[in-house]
Amino acid sequence: MENLNVYAAKLAPQQESLAPGHRACQGCAELLAVRLVAKTLGRDYIIANATGCLEIVTSSFPHSAWQVPWIHVAFENAAAVASGVEAGIKVLQRKGRYPVDRKITIIAQAGDGGTVDIGLQALSGALERGHDMVYICYDNEAYMNTGVQRSSSTPYGATTTTSPAGKADPLGQHTMKKNIVEIAAAHNIPYVATASPSYPFDLMQKVRKAADTPGPAYIHCFVPCPTGWRMAPNLAVSIGRIAVESKVFPLYEIENGEYKMTVTHKNHRPVIDYLKPQGRFRHLSEANIAEIQQQVDKSYDRLLKKVKMSQIELD
Amino acid sequence: MAKRIGIEVSLAISEAVRLANVDAIAAYPITPQTHIVEHLSELVASGELDAAFIPVESEHSAMSVCAGTSAAGARTYTATSSQGLALMNEILYIIPALRLPVVMTIANRAVSGPISIWNDHSDIMGVRDTGWIALFAENGQEAFDLSLMAFKIAEDHRVLLPISVNIDGFTLSHVIEPHEFLDQDEVDKFLPPYTPAVQLNPDAPVSMGTVGIPEIFSEAKKCQDEVLKGSEAVIKEVFADFGERFGRHYKVVETYRSEGAETLLLTMGSVGETAMEAIDRLRDEENRPVGLIRLRLWRPFPVEALRAEMSGVKTLAVIDRAVSFGGTAGPVAGEIRSALYSTDQAPYVASFIAGLGGRDITISDFMAVVDQAEKMAAANEIHQYKMIGVRE
Ligand SMILES: Cc1ncc(C[n+]2csc(CCOP(=O)(O)OP(=O)(O)O)c2C)c(N)n1
Ligand code: SF4
Ligand SMILES: [Mg+2]
């Protein structure tokens, strides 16, 4: 099963709604993930897109890579716009004035900056109001579109253009990655999950589940960015896999408050395997790496406790 | 025609929104807009209005939700004031660029600081160049009528632009006035449901809000300005249609006793009613050739309609309700000077700023303004603006 997850991407649905020819960098995992989402959802969905790489590379007028209805308004408001689209269609369908009476999935999509920083309020509002929509955060761990500045989703120790490692301050980012997944879950919404395009079937299953769940769903998708992470473009998929294997980015879901791991490994790789290929971590000392290993172990253990708690509750 | 009912202006506006059968309302509370949205949420809860009421967490999201509902094809309404309008600012620019016919009531209020809940026009002046059509109501009946007409204008396929209907906070929003309402079937005939030109629909996918590369950006902005300017003709058409159906007639520039006037006052909003009293006294008691212009349409600026009222006028005293800090005049006066500059026999334009942050402008203030303006005109006084009633 694990191997199927990794190697059988060609078994994914043939349907596409993201056209080729967009302007993403070589090896961009963000666009890879978006394509998998598109394959899952077919054509009956509408996207509200935040400003960011994804918006820029797919919509340079007069071209558009989108074969489904797509709207971009601003950077921090994808959740609010999507909630408006959802509410608008619902009321028009009720009044018999919308041309389609099938169920249409409403997707809000944004980068980590558009989600965990500037878009957090609009996201919280939309989740709290209970709109039937799926919010997908494509987390490449910095503001890539504007030139790799730090966000509160940038991991501890990473250099970015606004958290550079220097002589006086050799660490890079000083803060711990904000746990937006827990923040989303704290809204008591029915479905929250983490996902990665390095595990395409896991990702697609979660997208399907999120779309089929009435009410708000949140998916946090880990998308390696070769440009911003300073690594070779051919590493995007494998580094995403190592992130999971090293416990840096565990794949799990929270369904009606119950935690469940969806991908597990018996033997975890050390974080150094994850950090080493990436230029953004090249400056770290052995002590730094040991510290990061501790942090990763600790937060993974905390997650496992929640999973166990959920199992006890279920039993 | 229905009979006259005494009701708070905010509630009359909500009734207009109900009669317009809006599909979606997204709003965030702020004094003095609150009574409008509270009443609308009651109408939705009671079933008298079949609409989505989306109680958002901020005005930024209110306008963003409006973008979503309107793009989905829903008739969309919101209301705000002051800080709320300022918080919406970013999205205000995007709504007309996406050609979304959102209708918004602005209960005009001073913008902080110092924080003030009271009326002036600093909120609307701050968003002057966002590309919205902006109308000003002078009394409750106008607020009701303009709110209904706003949907028809905004949603006309020759326009497809958002509209703000401006009403003075408290002095209009919170007063009880007699209103003549309209019956639902009359309104339905005047204002059929919104039919979008494009909408978010999986059977006919469109991309809205794509990146504007330098090769097309100027053209996009030029188109937007042409459409906004072109909306004046549609506004006049809708005013005429409304007048014919319901017997209440509106113009983009209204005059009061301006025939043969050598000095004109110019106002926007509810102070026009006080100014009329001042004009009556000056005309009837002092026999002076004075009159009043009330600007109903602020954007697009009705240049020709204004010029048409200027024959024989020597002095124009413009009352502004906001400061353009470090500017050349009050914001309205500056616009008027620019509109009249190249015309033959342009009058002397005196710029007055009055009624900031809820300060009353009295009948005698207006009478004094006329005197002062005439003196300034006689001396051809070069000035930025004069502030009325300020303690120095
Ligand atoms: C209000 C506002 N502030 C700043 C920007 C500039 N800006 C555009 S995209 C972006 C970063 C996007 O980062 P993220 O959301 O992580 O998406 P990514 O490009 O990394 O996929 C920034 C800062 C903006 N467009 N709007
Ligand atoms: S900068 Fe990163 S996220 Fe943006 S398009 Fe390039 S690879 Fe993708
Ligand atoms: Mg990012």
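Since the structure is predicted, the reported quantities are computational estimates derived from the model, not experimental observations. (Residues numbered from 1 in each chain as written. Chains lettered and ligands numbered in written order. Predicted model: local features only at pLDDT ≥ 70, side-chain atom pairs only at ≥ 80, totals over all residues. Heavy atoms only, no water.)

Q: Even after reading the chapter, I still don't get the overall build of chain B, so can you show me in this structure?
A: For chain B, the helix and strand inventory stands at twelve helices and 16 strands. Rg of the C-alpha trace for chain B: 21 Å, near the compact-globule value of 21 Å for 392 residues, within the 12% margin. Within the span of chain B, comprising 392 residues, buried residues form 59% of the whole. Long-range contacts, defined as pairs at least 24 residues apart, comprise 81% of the intrachain contacts of chain B with a sequence gap of at least 6. The positive charge centre, built from 32 side chains, and the negative charge centre, built from 54, are 5 Å apart in chain B. (Helix = DSSP H or I, 4+ residues; strand = E, 2+ residues; numbered from the N terminus. Rg over C-alpha atoms; globule rule 2.2 N^0.38 Å. Buried < 20%, exposed > 50% of the residue type's maximum accessible area, 1.4 Å probe, protein only. Contact = heavy atoms within 4.5 Å. Lys, Arg positive; Asp, Glu negative; His and termini not counted. Charge placed at Lys NZ, Arg CZ, Asp CG, Glu CD.)

Q: Just to check I follow, could you spell out the site of ligand 1 for this structure?
A: A:Cys53, A:Asp112, A:Gly113, A:Gly114 and A:Met144 are the nearest of the 18 residues found near ligand 1. The site occupied by ligand 1 is bordered by residues of chains A and B. At 2.9 Å, a side-chain N or O of A:Asp112 approaches an oxygen atom of ligand 1. One nitrogen or oxygen atom from the main chain of A:Gly114 is found 2.8 Å from an oxygen atom belonging to ligand 1. For ligand 1, whose unbound accessible area comes to 590 Å², protein coverage reaches 78%. With three residues, helix α5 (residues 112–117) of chain A is the largest single contributor of residues to the shell around ligand 1. (Near = heavy atom within 4 Å. Polar contact = N/O pair within 3.5 Å; in protein donor to acceptor, adjacent residues only side chain to side chain. Areas by Shrake-Rupley, 256 points an atom, 1.4 Å probe, with all protein chains shown as cover.)

Q: Sorry, what's going on with the site of ligand 2 here?
A: All residues in the neighbourhood of ligand 2 are listed as A:Ala24, A:Cys25, A:Cys28, A:Cys53, A:Asn140, A:Met144, A:Cys225, A:Pro226 and A:Thr227. When grouped by side-chain class, the residues that make up the shell around ligand 2 number seven nonpolar, two polar and no charged. (Nonpolar A, V, L, I, M, F, W, Y, C, P; charged D, E, K, R; others polar.)

Q: Hey, could you run me through the sheet that holds strand β6 (residues 217–222) of chain A in this one?
A: One key point about sheets: their strands pair by backbone hydrogen bonds, in either a parallel or an antiparallel sense. On the basis of which strands lie adjacent, the open sheet formed by nine strands has the order β8(A)-β7(A)-β5(A)-β6(A)-β4(A)-β3(A)-β1(A)-β2(A)-β9(B) and mixed pairing. Of all the strands in the sheet, just β8 (258–261) of chain A together with β9 (207–208) of chain B have a single pairing partner and so form its edges. (Pairing = 2+ DSSP bridges.)

Interpretation in functional terms is not warranted from these geometric data alone.
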